[in-house]
Amino acid sequence: GTPETFYDAVGGEATFTRIVARFYAEVAEDEVLRPMYPEQDLGPAEERLRLFLIQYWGGPHTYSDQRGHPRLRMRHNPFTIGPIERDAWLRCMRIAVDEQGLPEDLRKQLWAYLEMAANSMMNSWV
Ligand code: HEM
């Protein structure tokens, strides 16, 4: 049959929904990240990140159906993302990922991507 995607291997939509919900619960309390969000309601931002990660790992392409090509570096240009912001983002994401009880090889693979992606989103070095 069709080889299982990473998306399926980690538990599909439910797992990404839990990771991103936990991540945004941390963001809501983070004094570096919370003020960066232009909208008062974090719900729409949560949904965009959730759909993006689902698509990236082999799930449905709803993100691009709704938002077009991700162009994530461009979409982050309005925000100053230096080492402090990157570290805050990774701190919140680490908590969210570590709570899922994923098999170690899958957790490592997910984390390696998130670290790489967070580094690549930087547009400031102060
Ligand atoms: C959007 C901050 C890294 C994925 C946003 C927004 C902010 C933000 C303030 C706007 C909220 C919204 O309208 O959705 C940051 C910071 C990062 C970071 C401080 C630190 C490195 C990442 C990474 C990813 C990511 C690593 C992917 C793995 C997204 C997505 C959106 C978004 C998918 C919505 C894009 C759209 O469709 O408009 N981010 N982000 N971000 N971020 Fe990040």
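Computed from a predicted model, the values in this text were never measured in an experiment.

Visitor: Please provide a residue-by-residue account of the overall build of the protein, values included.
Guide: Looking only at helices and strands, one finds 7 helices and 0 strands in the protein. In terms of overall dimensions, the protein is globule-like: its C-alpha atoms have a radius of gyration of 14 Å, near the 14 Å expected for 126 residues. Seen through its principal axes, the protein has C-alpha atoms that stretch 50 × 30 × 25 Å. The proportion of buried residues among the 126 residues of the protein is 40%. Split by element, the accessible area of the protein, about 7200 Å² in all, is 53% carbon and sulfur.

Visitor: Explain the layout of surface pockets to me, using residue names and the numbers behind them.
Guide: Each pocket or cavity is described by its volume, and for the largest pocket that value is around 780 Å³. Along its surface, the largest pocket is lined by 27 residues, and Tyr 24, Tyr 37, His 76, Phe 79 and Trp 89 are the ones closest to its centre. Taken together, the elements giving at least two residues each to the lining of the largest pocket come down to helix 3 (43-56), helix 4 (62-67), helix 5 (72-76), helix 6 (83-98) and helix 7 (104-120). Among the elements that make up the lining of the largest pocket, the one with the highest residue count is helix 3 (5 residues). Per-class residue counts for the lining of the largest pocket are 19 nonpolar, 1 polar and 7 charged.

Visitor: Now, about the coordination of the iron atom of the ligand: what can you tell me, with residues and values included?
Guide: There is one protein donor for the iron atom of the ligand, and it is His 76 (NE2), at 2.0 Å. In this structure, His 76 sits in helix 5.

Visitor: Describe the nonpolar core, naming the residues involved and giving the relevant values.
Guide: Core analysis: the biggest nonpolar cluster contains 33 residues, and Phe 23, Tyr 24, Leu 53, Trp 57, Met 93, Leu 110 and Leu 114 have the highest contact counts within it. Of all the secondary-structure elements, those providing two or more residues to this core are helix 1 (6-9), helix 2 (12-28), helix 3, helix 6 and helix 7. Filtering out sequence-adjacent residues up to four positions away, Tyr 24 remains in contact with Tyr 37, Leu 42, Ala 45, Glu 46 and Leu 49.

Visitor: Any chance you could break down the site of the ligand for me, citing the residues and the numbers?
Guide: Near the ligand you find 20 residues, and of these Arg 48, Tyr 63, Arg 67, His 76 and Trp 89 are the closest. Tyr 63 places a polar side-chain atom, nitrogen or oxygen, 2.5 Å from an oxygen atom of the ligand. The side chain of Arg 67 places a nitrogen or oxygen atom 2.6 Å from an oxygen atom of the ligand. Among the cavities detected, the one that contains the ligand is the largest pocket. Looking at the shell around the ligand, the elements that each hand over two or more residues are helix 3, helix 4, helix 5, helix 6 and helix 7. For the shell around the ligand, the leading source of residues is helix 3, giving 4 residues. Its residues placed into classes, the shell around the ligand shows 15 nonpolar, 1 polar and 4 charged.

Calculation criteria
- Residues numbered from 1 in each chain as written.
- Predicted model: local features only at pLDDT ≥ 70, side-chain atom pairs only at ≥ 80, totals over all residues.
- Heavy atoms only, no water.
- Helix = DSSP H or I, 4+ residues; strand = E, 2+ residues; numbered from the N terminus.
- Rg over C-alpha atoms; globule rule 2.2 N^0.38 Å.
- Buried < 20%, exposed > 50% of the residue type's maximum accessible area, 1.4 Å probe, protein only.
- Areas by Shrake-Rupley, 256 points an atom, 1.4 Å probe, with all protein chains shown as cover.
- 1 Å grid on protein atoms, 1.4 Å probe; cavity = no way out; pocket = protein on both sides within 12 Å on 5 of 7 lines; lining within 4 Å.
- Points joined across faces, edges and corners; volume = space filled by probe spheres on them.
- Nonpolar A, V, L, I, M, F, W, Y, C, P; charged D, E, K, R; others polar.
- Donors = N, O, S within 2.8 Å, 3.2 Å for Na, K, Ca; no water.
- Core = buried A, V, L, I, M, F, W, Y, C linked by side-chain atoms within 4.5 Å.
- Contact = heavy atoms within 4.5 Å.
- Near = heavy atom within 4 Å.
- Polar contact = N/O pair within 3.5 Å; in protein donor to acceptor, adjacent residues only side chain to side chain.
- Sits in = over half its atoms within 2 Å of the grid points.

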